Amino acid sequence: MLERLRARLRALLRGSAMNEELDEELQYHLDRETERNVARGMSHRDAATAARRAFGNPTQLKEQVRDSWGRRWLERLDQDTRYALRSFRRAPTFSTTVVLTIALALGLNTTAFSIFNAYVLRPIAVRDPSSLVQMSWVDRGGNWHVFTWNDYQALRANRDALAETFAFRFIFTRIDSTPAFGQLVSGNYFSMLGVGAALGRTLIASDAAAAGTEPVVVLSHNAWRSRFGGDSSIIGKMIRVRGHALQVIGVAAQGFGGLGDVPLDFWAPLTMNDVVFEDDGLFGAHGPEALSLVARLRPGVATAQGEAWLTNWIRAHRPDARERDAPAGTQLLSRATSISLSPEFALFFTPIAAAFVLVLLIACADVANMMLARGMARQRELGIRLSLGAARSRLIAQLLTESVLLALPAALVGFGISRLTLDGGVRLMFRTMAPEVVPYMRVVPLSPDGRVFLFMLVAAVASAVLFGLAPALQATRPKIVPATRGDFDTDFRPSRLRNALVVGQVTVCVLLLICAGILLRGVGRMQSLDIGLRTGGVVRLDLEEHPATRARVLDILRTRLDVGRIAAASDPPFGRRFPTIPAAAADGRSRETFYDFVTASYFPLLQIPIVRGRNFTADEERSGAPVVIVSEGTARAFWPDRDPIGQSLRLALDTTASRQRRFLTRRETRVVGVVPNVALGTRIDPFDSPVAYYPVADSTAGTAIIAAVTGRAEVTMRRIDADLSRQVPASVEDIHTLDAYMAGGVYPFRAAYWIASALGAIALLLTLTGVYGVLSYVVAQRRKELGIRVALGASAGTVVALVLRQSIRLCAIGLGFGCLLALGVARIFAANIVRLETFEPMAFVGGALVVLICCIVASYVPARRAGTVDPIEALRGD
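Definitions and cut-offs
Residue indices begin from 1 for each chain and proceed along its sequence in written order. Local features are withheld for residues below a pLDDT of 70 in this predicted model, meaning they are given only at 70 or higher, and side-chain atom pairs are given and counted only at 80 or more; totals for whole chains, interfaces and linings count all residues. Side-chain numbers here rest on the full set of heavy atoms in the structure, without hydrogens or water. Segments assigned H or I by DSSP are reported as helices when at least four residues long, segments assigned E as strands when at least two residues long, and all are numbered from the N terminus. A 1.4 Å probe rolled over the protein chains alone gives each residue an accessible area, and that area as a share of the maximum for its type sets the label: buried under 20%, exposed over 50%, partly exposed in between. The contact criterion used throughout is that any non-hydrogen atoms of two residues lie within 4.5 Å. For the area figures, the Shrake-Rupley method with a 1.4 Å probe applies, and any residue is considered shielded solely by the protein chains shown. Buried Ala, Val, Leu, Ile, Met, Phe, Trp, Tyr and Cys residues form a nonpolar core when they are joined through side-chain atoms within 4.5 Å. To estimate the expected span of a helix, subtract one from its residue number and multiply by 1.5 Å. Here the arc refers to the set of directions running from the helix axis out to each C-beta atom. Here is the rule: rings of Phe, Tyr and Trp (six-membered ring for Trp) pair when centre to centre is within 6.5 Å. Planes less than 30 degrees apart are stacked, more than 60 are edge-to-face, and the remainder are tilted. In protein, a polar contact means a hydrogen-donor-capable atom and an acceptor-capable atom, both N or O and within 3.5 Å, with residues adjacent in sequence counting only if both atoms are side-chain atoms; elsewhere, any N or O pair within 3.5 Å suffices. When DSSP finds two or more bridges between two strands, those strands count as paired. A carboxyl oxygen of Asp or Glu within 4 Å of a side-chain nitrogen of Lys or Arg is what we treat as a salt bridge. For every element, the axis is a line fit to its C-alpha atoms; helices are fit only across the contacting stretch, and the angle between N-to-C directions ranges from 0 to 180 degrees. Throughout, the term roughly parallel applies to angles under 35 degrees, roughly antiparallel to angles over 145, roughly perpendicular to angles from 65 to 115, and oblique to all others. Whether a crossing is left-handed or right-handed is set by the direction in which the near helix is turned from the far one by less than a right angle, anticlockwise for left-handed and clockwise for right-handed. All amino acids are sorted into three groups, where Ala, Val, Leu, Ile, Met, Phe, Trp, Tyr, Cys and Pro are nonpolar, Asp, Glu, Lys and Arg are charged, and the leftover types, Gly among them, are polar. A residue's pLDDT is the predictor's confidence in that residue, given on a scale from 0 to 100. The criterion for a disulfide is a pair of cysteine sulfur atoms lying within 2.5 Å.

## What to know about the overall build of the protein
And then number 1: Tallying secondary structure elements over the protein gives 28 helices and 22 strands in all.
And then number 2: For the protein, with 878 residues in total, the buried portion stands at 50%.
And then number 3: The contacts in the protein between residues at least 6 apart in sequence include a share of 79% that link residues at least 24 apart.
And then number 4: Surface accessibility of the protein: about 40,000 Å² in total, with carbon and sulfur atoms responsible for 59%.

Okay, here's the thing in structure tokens:
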């Protein structure tokens, strides 16, 4: 066995040498047999002839020996490759067209895979990333929770299922007036992940030993290079995080930016929490659920086992929880990559991936039609080879080899297209975003790796099979005798396959264009929607939480001539989704209700009228009185047949929620006013959802300031930011116009529309070339028939109409299928995205008309050519 394997390996690596050795060995045996015959008395000539007769056919023997070497497939591959390259040189236009068509589709798919790989497949540069899981739990009301400080301490000490555990909390701030993303982390963060320092040192256990001590910070390598110019003397310098000075002790290793999908700028000890988040009470006996926990599972513990263990653990540590708040289950989410491949992410990414794959299928269908036409033109050649004894499988293998040889250079060109697309897409993204949003964007490195190249290779080979197999099977089916004459028998009907491919192209093209139209209509609806409040000329400021700093900033704002009314809110519009709280009316009606804490000036500043009752008073703001202003949606939900003014709204407070502990002090609240339904935290939330507004003073830490400004809001905002940075350094954690928040909320839908439009346009281009190519070939194939029709009196218009009718029939079938599929996709959109309708007449009619008109235009040129057929020229061969 080993000897045979060694011989086969030697045959693969030293085929020429073994052939020479085989020739020498055969000649040796012939010479020895000849010598024996001469010794028996034969002449040398007769002896050689007798030796050859006794020995057998040398060529046949050589072939048998070579077959035993197991390298026949390599020889055939070499023959097929050389033959294919010669045929490509004879048809350079065909070869170039196929390569560019497939390259375009492969490039787009490689672009999508590169993004998917960077976020979902590429392991984070830490020790044993596959064992890392992020933990969370859900209550019986369906609300997801993180953990308290006491939970972390208990879980860290437990070794039943978890080998190690660290805690972190996300923090946003500004460093030198530019946004910075960071985390407060426990002292074992870097040691557990196995991440070292490029400069200085990382955090260690002693840095997070006691609350409020060790005000230090570690910078990410990217932040060190981009923000501080790679300053080698950065160690020991001070930076301000939320108004507090922290000393830089190190720079993390290059390539590490944290465990999430947003690369981080810095890490500070978790024990600094109550310093940077004042009055948060994280380390108290009843601290808030503010910590995310990441654990490393013990060897042999599966994720399902870990979830079962954690569920039992969290239930044991929440024995007194109310029925609704009692733990119901847990989730361990892999942190091996930037984004875990969860069902939610799969639901988001699948439609995008499907759109890119559909473009590849259109390209394959386009090339398959070209291959069909080329296969029919080679019928005489294939028929002769079949008549000489070539097996059909051998011809199919040769044709597939040609397809693969066309797909491989297409993959290389596609790789170049993907790099250009990625670089151009990132630049375009930053240029089309609101300038205020750009500094907040973070993109993980999209550099290619082995998985990207493997994907390109697999996609190229799969494409070759897709566009080459059906034409290869079709081209090798005809009967031998008619094929050698270049004729086709009645069983050979490649037109059916061509028609099916054209219908498929039109179907996908219509689907993509209609989806783009639906998204465009949705974006337009979002932009023109009456959101019920004012956003122009309004600036939002998030301030450092120290009371003295906040008071000084408010005093400065009140004295500025370019600032009008000032208000405060825990969640101004469009910043994020409003939090919810279970609420119930006196008669038992209950609903999960959005809530916000606002000052009385909030409503007039945003031009939200009080339609019933009154606004908050100054005393109610200062004392946090148990009063509430509700939206019309809330009034309809709780008191559909009664006047809501004076009604009681009871809240199910959660003592572990820091926001509720900070602002809400009363369970029973009384309705004093009603306001219209307006946009909430995001524009995709339904306006009629129940919303409750509670009073708060503008001096309360944790609330954002919103201010009406004069002049251009962006210019005034920058002026305010510069003045506050000079007078009260590090007092502003974030500053934006509300219009920028609105633009940021709409941008993902606009980007989705651009992607769908680009894919639709490429699909339309491929479809048109496919229709044009098919009809051009059909016209050439039917030239004799068309000549007879003209000779019998058919006019040019009749012939043109005949060809156009065939094209329109195929297009109509594709339009029908495409519209049906688009209707199903639209239903999925409407079920998951607010503001998108199931049926958008303009999108359906517009997409179908564009495809129909373009198909008619693409069909007209070959149809016109058919109408000018000269019957004498067409019949001259007969």
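Okay, back to it.
## Focus on the nonpolar core
Most often, soluble globular proteins keep nonpolar side chains buried together rather than apart.
And then number 1: Ile102, Leu106, Val359, Phe467 and Val851 are the most contacted members of the largest nonpolar core, which totals 70 residues.
And then number 2: Among the elements that line this core, the one with the most residues is helix 12 (residues 343-377), at 14 residues.
And then number 3: Contacts of Val359, omitting those with residues within four sequence positions, involve Ala105, Leu108, Leu512, Leu759, Ile762 and Leu766.
And then number 4: With 41 residues, the next largest nonpolar core counts Leu155, Val217, Leu297 and Trp313 among its residues.

## Points about helix 3 (residues 44-55)
And then number 1: For helix 3, which comprises 12 residues, the first-to-last C-alpha distance of 16 Å matches the rise-based estimate of 16 Å (1.5 Å per residue) to within 8%.
And then number 2: Among all positions in helix 3, only Ala47, Ala48, Ala50 and Ala51 are buried. The buried residues of helix 3 occupy an angular sector of 165° when projected down its axis, which confines them to one face. Facing away from the buried side of helix 3 by more than 90 degrees, the exposed set consists of Arg45 and Arg53.

## Some words on the packing of aromatic side chains
And then number 1: Within this structure, the stated rule accounts for 22 aromatic pairs.
And then number 2: On the basis of an interplanar angle of 80° and a centroid distance of 5.0 Å, the ring pair of Tyr189 and Phe190 is categorised as edge-to-face. Across the pair, exposure class does not vary: Tyr189 and Phe190 are buried alike.
And then number 3: Ring centres of Phe603 and Phe616 lie 6.4 Å apart, and the angle between their planes is 50°; on these two criteria the pair is classed as tilted.

## Examining the side chain of Asn109
And then number 1: Structurally, Asn109 can be placed in helix 6 (residues 92-121).
And then number 2: Given a relative accessible area of 7%, Asn109 falls into the buried group.
And then number 3: At a separation of 3.1 Å, a polar atom in the side chain of Asn109 contacts the main-chain carbonyl oxygen of Phe356.

## With respect to the pairing of strand 14 (residues 580-585)
And then number 1: Across five bridges, the pairing between strand 14 and strand 15 (residues 590-598) is antiparallel. In the strand pairing of strand 15, Ala584 is matched with Ser590.
And then number 2: Here strand 14 folds back onto strand 15, and the loop between the two strands holds four residues, one of which, Gly588, carries a positive phi near 100°.
And then number 3: Of the strand pairs in this sheet, strand 14 and strand 18 (residues 648-651) are connected by three bridges, and their pairing is antiparallel. If you follow Ala585 over to strand 18, its bridge partner there is Leu649.

## Thoughts on the pattern of salt bridges
Two side chains of opposite charge can pair, provided their charged atoms sit close to one another.
And then number 1: Scanning the entire structure with this criterion turns up 24 salt bridges.
And then number 2: Among the ionic pairs, Asp449 bridges to Arg122, the shortest N-O distance being 3.4 Å. Of the two residues, Asp449 is situated in the loop between helix 14 (392-432) and helix 15 (450-475) and Arg122 in the loop between helix 6 and strand 1 (132-139); the sequence distance between them amounts to 327 residues. For the pair formed by Asp449 and Arg122, the shared burial category is buried.
And then number 3: Across the salt bridge formed by Arg614 and Glu620, the nearest N and O atoms sit 2.7 Å from each other.
And then number 4: Salt bridges sharing partners connect three or more residues here, namely Arg560, Asp562, Arg719, Asp723 and Arg726.

## Concerning the packing of helix 6 against helix 14
And then number 1: Interaxial distance between helix 6 and helix 14 falls to 6 Å at its minimum, and their mutual angle equals 45°. Relative to helix 14, the element helix 6 lies oblique. In terms of crossing hand, the pair formed by helix 6 and helix 14 is right-handed.
And then number 2: Its residues placed into classes, the contact of helix 6 with helix 14 shows 16 nonpolar, eight polar and one charged.

## Focus: helix 23 (residues 713-727)
And then number 1: Here helix 23 spans 21 Å end to end across 15 residues, near enough to the 21 Å set by a 1.5 Å rise per residue.
And then number 2: Three or more residues of helix 23 are buried, namely Ala713, Thr716, Met717, Ile720, Asp721, Asp723 and Leu724.
And then number 3: Considering only its buried residues, helix 23 is in contact with strand 3 (162-175), strand 12 (538-543), helix 18 (547-559), strand 13 (563-569), strand 21 (704-709) and strand 22 (732-737).

## Details of unusual backbone geometry
And then number 1: With phi around 45°, Asp128 is a residue other than glycine that occupies positive phi space.
And then number 2: Structurally, the position occupied by Asp128 is in the loop between helix 6 and strand 1.
And then number 3: The class for Asp128 is partly exposed, based on a relative accessible area of 40%.
And then number 4: At Gln607, a position not held by glycine, the phi torsion is positive, near 55°.
And then number 5: Structurally, the position occupied by Gln607 is in the loop between helix 19 (602-605) and strand 16 (612-613).

## Quick look at the confidence of the model for the protein
And then number 1: Scored by pLDDT, the protein comes out at a mean of 81, with 84% of its residues at no less than 70.
And then number 2: Taken together, the stretch residues 483-494 has pLDDT below 50 and engages in 25 contacts with residues farther than four places along the chain or on a different chain.

## A look at the state of the cysteines
And then number 1: Scanning the model with the defined rule gives zero disulfides in all.
And then number 2: With no disulfide of its own, Cys811 lies 3.7 Å from the sulfur of Cys855, the closest cysteine sulfur.
And then number 3: Cys811 sits in the buried class, given a relative accessible area of 2%.

## Thoughts on the side chain of Ser418
And then number 1: Looking at where Ser418 falls in the secondary structure, it is placed in helix 14.
And then number 2: Apart from residues lying up to four places away in sequence, Ser418 is in contact with Gly107, Thr110 and Thr111.

## With respect to the environment of Val790
And then number 1: Mapped onto the elements, Val790 comes out in helix 25 (residues 783-791).
And then number 2: Residue Val790 is classed as partly exposed on the basis of its relative accessible area of 23%.
And then number 3: Each C-alpha atom, one on Val790 and one on Thr868, is 9.2 Å from the other, the two residues being 78 residues apart in sequence.

## Brief notes about the packing of helix 7 (residues 149-157) against helix 11 (residues 303-316)
Relative orientation and spacing of two packed helices are given, respectively, by the angle between their axes and the distance between those axes.
And then number 1: Where helix 7 meets helix 11, the axes come as close as 12 Å, and the angle between the chain directions of the two elements is 130°. Classified by the angle their axes make, helix 7 and helix 11 are oblique. Here helix 7 and helix 11 pass one another in a crossing that is right-handed. Facing Asp151, Ala154 and Leu155 of helix 7, the residues of helix 11 in contact are Trp309, Leu310 and Trp313.
And then number 2: Taken together, the residues that form the contact of helix 7 with helix 11 break down as five nonpolar, no polar and one charged.

## As for the environment of Ala308
And then number 1: With respect to the element layout, Ala308 can be found in helix 11.
And then number 2: Overall, the relative accessible area of 41% leaves Ala308 in the partly exposed class.
And then number 3: Between the C-alpha atoms of Ala308 and Gly329, which are 21 residues apart in sequence, the distance is 8.2 Å.

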